[in-house]
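Chain by chain, the residues:
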Amino acid sequence: MSILVVGGAGYIGSHAVYTLIEKKERVVVVDSLATGHAEAVHPEAAFYKGDIRDRHFLKQVFENEDIEAVMHFAASPIPSQSNRVFSSFNANMIGMETLLDVMKEYDVSRIVFASSAAVYGSPELPVTEETEPEPVHPHGKVKCMMEKMLMEAEKAYGLKYVILRSFNACGASAIIGEDRRSETHLISKVLRTALGHLPFVHIDQPEDGTGFRDYIHVQDLAEAHVLAISHLRKGKDSRIYNLSYGESYSAEQIILAAQYVTGIPLIAANLTETDIDSQETLTACSSRARKELGWTPKHNSLIAIIRDAWNWHSANPNGFASVKVRQG
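Residues numbered from 1 in each chain as written. Predicted model: local features only at pLDDT ≥ 70, side-chain atom pairs only at ≥ 80, totals over all residues. Heavy atoms only, no water.

Asker: Sorry if this is basic, but what is going on with the side chain of Thr 262 here?
Answerer: Inspection of the secondary structure assignment puts Thr 262 in helix 7 (residues 251-262). With relative accessibility at 14%, the residue Thr 262 sits in the buried group. Within the structure, the side chain of Thr 262 is placed 2.8 Å from the backbone oxygen of Ala 258, a separation counted as a polar contact. Only 3.1 Å separates the side chain of Thr 262 from the backbone nitrogen of Ile 264, close enough to count as a polar contact. Thr 262 has contacts with Leu 191, Ala 194 and Trp 310, leaving out every residue within four places of it along the chain. (Helix = DSSP H or I, 4+ residues; strand = E, 2+ residues; numbered from the N terminus. Buried < 20%, exposed > 50% of the residue type's maximum accessible area, 1.4 Å probe, protein only. Polar contact = N/O pair within 3.5 Å; in protein donor to acceptor, adjacent residues only side chain to side chain. Contact = heavy atoms within 4.5 Å.)

Here is the structure:
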């Protein structure tokens, strides 16, 4: 049987696919490539290009493959422009609805959903899974709504889920990394500046100087998603887990660490931005995931995170445009 990874050509999804295949799982990837990259898909994965909102397409995948469980990474980005927010909300909600309907039709009752710490908004710290979600930005709001759809599906027909609320994904493996057409993540912006792709680092620093974020290596995130599949296979209850290291860093610390790793001096400029990586303070407790999933992060060093990201960015200065498509 196979694990279906929707959004498996994206940043976190592709790392999850590699981790699954390393553990001898059979993997099916569905991705529209709207933001993902064909070059990021593991050559041993069965790959279907298409949109999960397309019911006919998705049913064909389930017809062709023996799907046991689903990992859901296929969320459309939520832009800051108000005239595009509604259409992005619509795309995400329809995608989730269609996926859940097709899963029900083919009697697939296990799903791991890549949610976000953005569902919490600006809570008191530290954040735990009992912290009430109060999302502020559109990204957090749509993730929260998608979580609620899973909860309702469990009540309606017994779907079992694991929701993973991850904090700021970063880093890379030796083979794949982060290549977004519209970059909002601070570490990637810093490294693109080091490569000469940007004139200086754009940051959004709150006036009170409290812009600290909890960063987490993408390979540790991938491992947690695989452990969540094991949790569901054991017939355990639906659960929500935070994924974080519990230690936060300022934009200045990120820039200094990047200068140390790259050996390149960087210039920072404070700007007022409204993207989803704005520098609010957010840190969390992940003891539940460590205890219940057996999640043991292996890459929780800021220098190691930035070094891994830099190794990939410097080897692939044009992102996946520098990489040949791997043949399965």
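Asker: Is there a simple way to explain helix 2 (residues 55-64) in this structure?
Answerer: Structurally, the α-helix is built with 3.6 residues per turn, so residues lying three or four positions apart point the same way. Within helix 2, the full set of buried residues consists of Phe 57, Leu 58, Val 61 and Phe 62. For helix 2, the angular spread of the buried residues around the axis is 140°, confining them to a single face. Every exposed residue of helix 2 that faces more than 90 degrees away from the buried side is listed here: His 56 and Glu 63. At the N-terminal boundary of helix 2, the capping side chain belongs to Asp 54, with an oxygen 3.2 Å from the backbone nitrogen of His 56. (Arc of directions from axis to C-beta.)

Asker: I keep staring at the side chain of Ser 166 and nothing clicks. Help me out?
Answerer: Inspection of the secondary structure puts Ser 166 in strand 6 (residues 160-166). For Ser 166, a relative accessible area of 9% translates into the label buried. Dropping the residues within four chain positions of it, Ser 166 is found in contact with Ser 115, Ser 116, Ala 117, Leu 221 and Leu 243.

Asker: Looking at this structure, how should I read the sheet that holds strand 11 (residues 248-250)?
Answerer: Strand pairing in a sheet takes place through backbone hydrogen bonds and is either antiparallel or parallel in direction. Across the sheet, which stays open at both edges, the 3 strands sit in the order 7-9-11 with mixed pairing between neighbours. Among the strands making up the open sheet, the edge pair consists of strand 7 (168-170) and strand 11. Across the sheet, the mean angle from the axis of one strand to that of its neighbour is 55°, orientation sign disregarded. Bridge count for strand 9 (residues 212-217) against strand 11 is 3 bridges, and the pairing is antiparallel. Pairing of Asp 214 across the sheet is with Ser 248, part of strand 11. (Pairing = 2+ DSSP bridges. Axes fitted to C-alpha atoms, helices over the stretch in contact; angles between N-to-C directions.)

Asker: Hey, could you run me through the packing of helix 1 (residues 11-22) against helix 6 (residues 218-233) in this one?
Answerer: Direction vectors running N to C along helix 1 and helix 6 enclose 60°, while the axes themselves pass 8 Å from each other. For the element pair helix 1 / helix 6, the angle class is oblique. You can see that helix 1 and helix 6 cross each other, and the crossing is right-handed. In contact with Tyr 11, Ile 12, His 15, Ala 16, Thr 19 and Leu 20 of helix 1, helix 6 contributes Val 218, Gln 219, Leu 221, Ala 222, Glu 223 and Val 226. Among the residues forming the contact of helix 1 with helix 6, the class breakdown is 8 nonpolar, 3 polar and 1 charged. (Parallel < 35°, antiparallel > 145°, perpendicular 65-115°, else oblique. Left-handed = near helix turned anticlockwise from the far one by under 90°. Nonpolar A, V, L, I, M, F, W, Y, C, P; charged D, E, K, R; others polar.)

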